[in-house]
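Listed here are the chains, written in short residue letters.
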Amino acid sequence: MPDSIRSDRESMEYDVVIVGAGPSGLSCAIRLKQLSPDLNVCILEKGSEVGAHLLSGAVFEPRALDELVPDWAEKARR
Ligand SMILES: Cc1cc2nc3c(=O)[nH]c(=O)nc-3n(C[C@H](O)[C@H](O)[C@H](O)COP(=O)(O)OP(=O)(O)OC[C@H]3O[C@@H](n4cnc5c(N)ncnc54)[C@H](O)[C@@H]3O)c2cc1C
């Protein structure tokens, strides 16, 4: 029987599954957990690690991050 239809495969249940650990997916996950800490959130990333596919010219507009995590700069220094 092909693996894709085997019923004995290990499975995990989540409330929300987000595809892609880029800024959008990570922001979505952070906001969901802020609003509902008990929610089980899973992020699927095809890269080898979070941020593996991030491209940056080092231009940073922090407005959205300020709204999402107001004390981000303080936390980064810790
Ligand atoms: C060369 C370059 C330089 C840039 N410089 C800047 C800058 O200086 N400042 C700035 O603010 N913005 C910059 N940007 C823009 C910035 O990278 C994007 O706005 C931002 O990454 C968009 O975030 P996103 O989460 O929507 O998408 P992405 O960052 O593309 O994230 C999507 C993620 O989903 C994953 N994924 C896709 N399909 C699947 C799948 N089927 N299964 C699992 N995972 C999947 C990808 O691997 C990726 O990690 C730059 C972009 C480029 C191309």
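Quick notes on the rules
- Residues numbered from 1 in each chain as written.
- Predicted model: local features only at pLDDT ≥ 70, side-chain atom pairs only at ≥ 80, totals over all residues.
- Near = placed C-beta within 6 Å.
- Helix = DSSP H or I, 4+ residues; strand = E, 2+ residues; numbered from the N terminus.
- Nonpolar A, V, L, I, M, F, W, Y, C, P; charged D, E, K, R; others polar.
- Buried ≥ 20, exposed ≤ 12 C-beta atoms within 10 Å, placed from the backbone.
- Pairing = 2+ DSSP bridges.
- pLDDT = per-residue confidence, 0-100.
- Contact = placed C-beta atoms within 7 Å.

### Quick word on the site of the ligand
Right, on to step 1. With respect to spatial proximity, 19 residues lie near the ligand, and among them Gly20, Gly22, Ser24, Gly57 and Val59 are the closest.
Right, on to step 2. Ranked by residue count, the leading element in the shell around the ligand is helix H1 (residues 23-35), at three residues.
Right, on to step 3. When its residues are assigned to classes, the shell around the ligand shows eight nonpolar, eight polar and three charged.

### Focus on the environment of Leu65
Right, on to step 1. Mapping Leu65 onto the fold places it in helix H2 (residues 63-68).
Right, on to step 2. Overall, the presence of 15 C-beta atoms within 10 Å leaves Leu65 in the partly exposed class.
Right, on to step 3. Along the chain, Leu65 and Ser27 lie 38 residues apart, while their C-alpha atoms are 8.5 Å from each other.

### Describing unusual backbone geometry
Right, on to step 1. Positive phi values are uncommon outside glycine, yet Ala58 reaches one of about 65°.
Right, on to step 2. Note on placement: Ala58 falls in the loop between strand S2 (41-44) and H2.

### Some remarks on the pairing of S2
Right, on to step 1. In terms of strand pairing, strand S1 (residues 16-19) meets S2 through four bridges, oriented parallel. When the bridges of S2 are listed, Ile18 appears paired with Ile43.

### A look at the confidence of the model for the protein chain
Caution applies to low-pLDDT parts of the model: their predicted coordinates are not meant to be read in detail.
Right, on to step 1. When pLDDT is averaged across the protein chain, the result is 91; 95% of the residues are at 70 or more.
Right, on to step 2. By mean pLDDT, helix H3 (residues 72-77) is the weakest element of the protein chain at 92, and S1 is the strongest at 98.

### Structural notes on the environment of Glu45
Right, on to step 1. Among the structural elements, Glu45 can be located in the loop between S2 and H2.
Right, on to step 2. In this structure Glu45 comes out as partly exposed when scored by C-beta crowding, with 17 C-beta atoms within 10 Å.
Right, on to step 3. A C-alpha to C-alpha distance of 6.4 Å links Glu45 and Val19, two positions 26 residues apart in sequence.
Right, on to step 4. Ignoring anything within four residues of it in the chain, the contact list for Glu45 reads Gly20, Ala21 and Val50.

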